[in-house]
Amino acid sequence: MHLYNKIKSKSDSNTKQFAVLIDPDSYSENSLKEVVSISEKSLVDYFFVGGSLLTTTKFHETVAFIKSNSSIPAIIFPGSSIQIDYSADAILFLSLISGRNPDLLIGQHVQAAPLLKASSLEVISTGYILIDSGRSTTASYISNTTPIPHDKDDIAVCTALAGQYLGQKLIYLDGGSGADNAISTSMISSIKNAIDIPIIIGGGINTAKAAKKASLAGADIVVVGNTIEKNPSVIKEISEAIHSI
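Please read all numbers here as calculations on a predicted model, not as lab measurements.

Asker: Go over the pairing of strand β1 (residues 17–22) with me, naming the residues and quoting the values.
Answerer: Each regular strand carries side chains that alternate between the two faces of the sheet. Most of β1 is tucked away, with 6 of its 6 residues classed as buried. Every second residue of β1 is oriented toward a common face, with Gln17, Ala19 and Leu21 on one face and Phe18, Val20 and Ile22 on the other, all of them buried. The pairing of β1 with strand β8 (residues 221–224) spans 4 bridges and is classified as parallel. Across the sheet, residue Ala19 finds its bridge partner in β8, namely Val223. Inspection of the sheet shows β1 paired to strand β2 (residues 46–49) by 4 bridges, in the parallel sense. Residue pairing for β2: Ala19 is matched across the bridge by Tyr46. Since β1 and β2 lie parallel, the crossover through helix α2 (residues 29–41) that links them has a hand, and here it is right-handed.

Listed below in structure tokens is the structure:
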């Protein structure tokens, strides 16, 4: 089964999913080994691999390590068109629909398209929406865009709906790496009630309780990154909380 079909099928049956976000810059070989091992034991659904800004050459090594040491699908979460690895299982083809930067709406995609055509990667078109999280994040700075205000549910709903009508298969709401505040449950539930495609939520989720709240509000996939970098042992607790729904 293609990964998108799996994601959509679980969304349709209200089965919640958990993705561990791996920023290659943030992991040594030993710390990556620990996270992969705990994730396997904790029944994590996906690894998302990538970052807004990569300052090392460890992207390909990271994907290769995950593929060699885990049965969990590795999905590229690209910050740019150079973050492509043919050994991964899929790539989120992110279009930053909350911003007005043409390079991240379509520019990077044109550069990446022939590379993806030549690969066996499953390409999953994803409407990417940045939400203000209470602080300036790497994602908002690098993308040179203004996030949607935290309390403007109506703008977020209209943006997500536009993404669906443009043919996106997923909507990814992100507060950005190191976000102070998680995306509000009212915004998540409002979007869930307005669209018919799965919703991914990331940014600012640092406890099992917060992950469960986001899932109950309507998130189909909850993504956690920063918190796991600091304390990998939380993977088990977060996974149990999400999968208990």
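Picking up where we left off.
Asker: Let's hear about the packing of aromatic side chains: which residues, and what values?
Answerer: Per the counting criterion, the structure on display carries 5 aromatic pairs. When the centroid spacing of 5.0 Å and the interplanar angle of 15° are considered together, the rings of Phe77 and Tyr172 count as stacked. You can see Phe77 sitting in the loop between β3 (74–76) and β4 (90–96) and its partner Tyr172 sitting in strand β6 (residues 170–174), a full 95 residues away along the chain. By relative accessible area, Phe77 is classed as buried at 9%. Take Tyr172: its relative accessible area is 1%, and that puts it in the buried class.

Asker: Let's hear about the side chain of Thr159: which residues, and what values?
Answerer: Looking at the element boundaries, Thr159 is found in helix α6 (residues 153–165). Setting aside residues no more than four positions away along its own chain, Thr159 makes contact with Ile97, Ser98, Ile129 and Ile148.

Asker: A description of helix α4 (residues 102–117) should follow, citing residues and the corresponding values.
Answerer: Three- or four-residue spacings in an α-helix give side chains the same orientation, since the helix completes a turn every 3.6 residues. If you check α4, its first and last C-alpha atoms are 22 Å apart, about what 16 residues at 1.5 Å a residue would give, namely 22 Å. At Val110, α4 shows its maximal kink, close to 40°; a proline, Pro114, follows between one and four residues later. Those residues of α4 not exposed but buried are Leu104, Gln108, His109, Ala112 and Leu116. By the N-cap criterion, in which a side-chain oxygen at the helix start approaches the backbone nitrogen of a residue two or three places on, α4 is capped by Asn101, the distance to Asp103 being 3.0 Å.

About the cut-offs
Residues take numbers from 1 onward in each chain, read along the sequence in its written order. Two thresholds apply to this predicted model, a pLDDT of at least 70 for residue-level local features and 80 or more for giving and counting side-chain atom pairs, whereas whole-chain, interface and lining totals are computed over all residues. Remark: hydrogens and water are excluded; side-chain values derive from all non-hydrogen atoms of the structure. Exposed residues in this analysis have more than 50% of their type's maximum accessible area, buried residues have under 20%, and partly exposed residues fall in between, with area computed by a 1.4 Å probe over protein chains only. Helix and strand definitions here come from DSSP, where helices need a minimum of 4 consecutive H or I residues and strands a minimum of 2 consecutive E residues; each element is numbered from the N-terminal end. Strand pairing requires that DSSP identify at least two bridges connecting the strands. When the strands point away from the viewer, a crossover counts as right-handed if the route from the first strand across the helix to the second turns clockwise. Whether two aromatic rings pair depends on their centres lying within 6.5 Å, for rings of Phe, Tyr and Trp, where Trp uses its six-membered ring; planes under 30 degrees apart make the pair stacked, over 60 edge-to-face, and the rest tilted. In what follows, a contact means two residues having at least one pair of non-hydrogen atoms within 4.5 Å. By this rule the span expected of a helix is its residue count minus one, scaled by 1.5 Å. Values of bend correspond, residue by residue, to the angle between axes fitted over the seven residues ending at that residue and the seven starting there. As used in this structure description, the phrase polar contact means that two N or O atoms lie within 3.5 Å; if the pair is within protein, one of them must be able to donate a hydrogen and the other to accept it, and residues adjacent in sequence are counted only when both atoms belong to side chains.

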